[in-house]
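Residues per chain are reported as follows:
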Amino acid sequence: MNDTTRFVTFPLGDERYALDSSQVKELLMPSRVYSFPHTMHSLEGVLVRRGTVIPVCDLRGAFGHSAAPSFYVIARCNYAGRSETVAIPVSGDCELVQGELVGEQSDAPQDITFVSGLLRTGGRTVPLLDLDQVVSHCIQPTVTLATEAKR
Amino acid sequence: MADPVRKSERRPLFISRSVKPVAATAGPVILFTAGGMRFAVEASEVEEIQDRDDRTSIRKLKGMESIDFALQVGLGAGILDRFVVLKPGECSLGVTDVERMASLPKVVPLPGLFRGAERQWYRGLLLLENGVVPLVRADYWRKAALPAAETRSGA
């Protein structure tokens with residue numbers, strides 16, 4: 001499959017990943033994350049943007065990066081059959097690039113997870129992030145807290 | 001036959017469509033702290049607020065059930081200095097402090113990625129000038145505090 005379109009690339013852990021630009025709503029400078037008690041793994045809290053709240057998905061568990069975020073990538077994903085908006089903190093520069101999809105999931109290296117394809121841009125190959133898979137994998141409710149106990 | 005002139009006079013020049021609001025407003029809410037975090041409950045759901053000493057004597061009389069709110073939402077055992085008594089007065093939320101009331105705050109639904117017990121705990125999120133505060137779902141906490149009463153009423 002050869003498809004040329006625009007992508008947003010950003011660092012996650014030691015690797016750069018790409019998302020189709022149509023999936024990315026905006027890039028936000030670091031802003032306050034409001035946290036409150038909940039039971040979802042990997043959800044740090046919420047950002048407030050123009051009167052709406054956007055959940056922040058912390059991907060450190062999956063990608064291992066821990067530096068303070070330089071940007072939040074606000075992107076759409078499908079989660080449990082619904083389209084949701086999520087903020088992904090990334091540490092480093094984000095780029096809008098033009099590229100060509102040169103492979104699908106089966107062509108991706110086996111040790112790279114959450115990759116739906118490979119993008120060729122500017123003489124390098126960047127894995128295309130499967131955000132739906134990442135979010136589905138990372139964001140899970142912890143059942144232990146869901147059980148209520150009367151004191 | 002209908003008069004065409006009169007008919008056109010009745011036609012509105014502009015059709016205004018209601019736009020779905022991003023945030024609605026809630027009624028007055030009571031802000032409280034538990035486990036070091038802020039929460040809110042609708043004032044219309046609250047019977048009264050008691051302090052620890054009041055409650056000790058009242059509980060002996062009425063057998064009121066209470067829950068440690070901080071503990072229930074995973075913040076660990078809280079300091080229970082105040083008790084937010086939910087209507088009709090059979091149960092209360094043990095909290096650290098009651099801050100103030102806020103009127104007509106904006107409330108937004110919990111984002112869909114939150115799919116765990118928090119959907120039962122909270123009705124939504126309040127957007128206040130200095131933060132985002134979960135609005136607790138009084139009916140859920142009433143049931144959590146009074147399972148025995150629920151069983152009795154369901155029987």
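Position numbers for residues start from 1 in each chain and track the written sequence from start to end. Throughout, the order in which chains and ligands are written sets their labels, letters from A for the former and numbers from 1 for the latter. With the structure being a predicted model, the display of local features is reserved for residues of pLDDT at least 70 and the display and counting of side-chain atom pairs for 80 or more, all residues being used for whole-chain, interface and lining totals.

**Q** Explanation requested: the overall build of chain B in the structure shown.
**A** Of the regular secondary structure elements, chain B holds 6 helices and 11 strands. Within chain B, contacts between residues separated by at least 24 positions form 59% of all contacts whose residues are at least 6 apart in sequence. Strands are runs of DSSP state E lasting at least 2 residues, helices are runs of H or I lasting at least 4, and numbering of each runs from the N terminus. Contact criterion: two residues are in contact if their C-beta atoms, reconstructed from the backbone, are within 7 Å.

**Q** Looking at this structure, I do not really get unusual backbone geometry. What am I missing?
**A** A negative phi angle is the norm for most residues apart from glycine, just as the trans form is the norm for most peptide bonds. The step from K87 of chain B to P88 of chain B runs through a cis peptide bond, and the omega angle for that step is 10°. As for its position among the elements, P88 of chain B is in the loop between β6 (82-86) and β7 (91-95). Non-glycine residue R50 of chain A carries a positive phi angle of around 50°. By the element assignment, R50 of chain A lies in the loop between β4 (43-49) and β5 (52-57). Buried, partly exposed and exposed are defined by the number of other C-beta atoms within 10 Å of a residue's own C-beta, namely 20 or more, between the two limits, and 12 or fewer respectively, with C-beta atoms placed from the backbone. Taking the C-beta count within 10 Å as the criterion, R50 of chain A has 6 such neighbours and is therefore assigned exposed. Positive phi is not limited to glycine here, since A80 of chain A has a value of about 55°.

**Q** Would you mind going over helix α2 (residues 131-138) of chain A with me for this structure?
**A** Residues spaced three or four apart along an α-helix face the same direction, because each turn holds 3.6 residues. Residue and element names in this part refer to chain A. Residues L131, V134, V135 and C138 constitute the buried set of α2. Burial along α2 is one-sided: seen end-on, the buried residues are contained in an arc of 90°. Check the buried side of α2 and you find it contacts β2 (15-20), β5, α1 (60-63), β6 (71-79), β7 (82-90) and β10 (124-129). Note: the arc covers the axis-to-C-beta directions of the helix.

**Q** Would you mind showing me how to read the pairing of β10 of chain A here?
**A** Residue and element names in this part refer to chain A. Pairing between strands requires that DSSP locate at least two bridges from one strand to the other. Two strands pair when backbone bridges link them, and strand β9 (residues 115-121) and β10 are joined in this way by 6 bridges, in the antiparallel orientation. The residue of β10 that forms the bridge with G117 is L128. Connecting β9 to the antiparallel partner β10 that follows it, the hairpin turn spans 2 residues, and G122 within it adopts a positive phi of roughly 55°.

**Q** Could you clarify how one ought to interpret the interface of chain A and chain B in this entry?
**A** Often, the extent of an interface is quoted as the loss of accessible area on bringing the components together. Counting from both sides, the interface comprises 26 residues of chain A and, opposite them, 26 residues of chain B. Mapped by element, the contributors of at least two residues to the side of chain A that touches chain B are β4, β5, β7 and α3 (143-146) of chain A. Under the scheme applied, nonpolar residues are Ala, Val, Leu, Ile, Met, Phe, Trp, Tyr, Cys and Pro; charged residues are Asp, Glu, Lys and Arg; polar residues are all the others, including Gly. Split by residue class, the side of chain A that touches chain B holds 16 nonpolar, 5 polar and 5 charged.

**Q** Would you explain the environment of W121 of chain B in this entry?
**A** Residue and element names in this part refer to chain B. With respect to the element layout, W121 can be found in helix α4 (residues 118-121). In the structure, W121 is positioned 28 residues away from L93 in sequence and 12 Å away in space, judged by C-alpha atoms. Among all residues touching W121, those that are not within four sequence positions of it are V73, V136, R137 and Y140.

**Q** I'm lost on the nonpolar core in this one. Help?
**A** Soluble globular proteins tend to pack their nonpolar side chains together in the buried interior. Core analysis: the largest hydrophobic core is formed by 79 residues, its most contacted members being C57 of chain A together with A40 and V84 of chain B. Element by element, the count of residues in this core is highest for β6 of chain A, at 6 residues. Residues in contact with V84 of chain B, not counting those within four places in the same chain, are I30, F32, V41, V46, I49, S92, L93, V95 and V98 of chain B. Remark: nonpolar core denotes a set of buried Ala, Val, Leu, Ile, Met, Phe, Trp, Tyr and Cys residues whose joining runs through C-beta atoms within 7 Å.

**Q** Even after reading the chapter, I still don't get helix α5 (residues 138-145) of chain B, so can you show me in this structure?
**A** Residues and elements named next belong to chain B. Taken together, the buried positions of α5 are occupied by W141, R142, A144 and A145. The buried residues of α5 all sit within an arc of 160° when viewed along its axis, so they share a single face. Summarising the contacts, the buried residues of α5 are in contact with β5 (65-68), α3 (69-72), β6, β7 and β11 (131-136).

**Q** What exactly am I supposed to notice about the pairing of strand β10 (residues 122-128) of chain B here?
**A** Within a regular strand, side chains alternate between the sheet's two faces. Residues and elements named next belong to chain B. The pairing of strand β9 (residues 106-108) with β10 spans 3 bridges and is classified as antiparallel. Opposite K106, over in β10, you have L127 as the bridge partner. Sheet topology note: the β10/β11 ladder contains 6 bridges and is antiparallel. Of the residues in β11, the one forming a bridge with Y122 is V136. Here β10 folds back onto β11 in antiparallel fashion, the turn holding 2 residues.

**Q** I tried to follow the sheet that holds β6 of chain B on my own but got confused; where do I start?
**A** By definition, the strands of a sheet pair up through backbone hydrogen bonds, in either a parallel or an antiparallel sense. Residues and elements named next belong to chain B. Strand order in this open sheet of 4 strands is β4-β6-β7-β5, and the pairing throughout is mixed. The sheet is open, and its two borders are formed by β4 (46-51) and β5, each paired with just one other strand. Between one strand axis and the next, the sheet turns by 25° as a mean value, whatever way the strands run. Sheet analysis places β4 next to β6, joined by 5 bridges and oriented antiparallel. The partner of I49 across the bridge, within β6, is V84. All axes are obtained by fitting lines to C-alpha atoms, using only the stretch in contact for helices, and the reported angles, taken between N-to-C directions, cover 0 to 180 degrees.

**Q** Would you take a moment to explain the confidence of the model for chain B for this structure?
**A** Fine structural detail should not be taken from predicted coordinates in areas where pLDDT scores are low. Residue and element names in this part refer to chain B. Across chain B, pLDDT averages 80, with 74% of residues at or above 70. Per residue, pLDDT measures the predictor's confidence, with a range of 0 to 100. Below pLDDT 50 for its whole length, residues 7-21 participates in 1 contact with residues either more than four positions away or in separate chains. Listed scores for the predicted complex are pTM 0.79 and ipTM 0.81.

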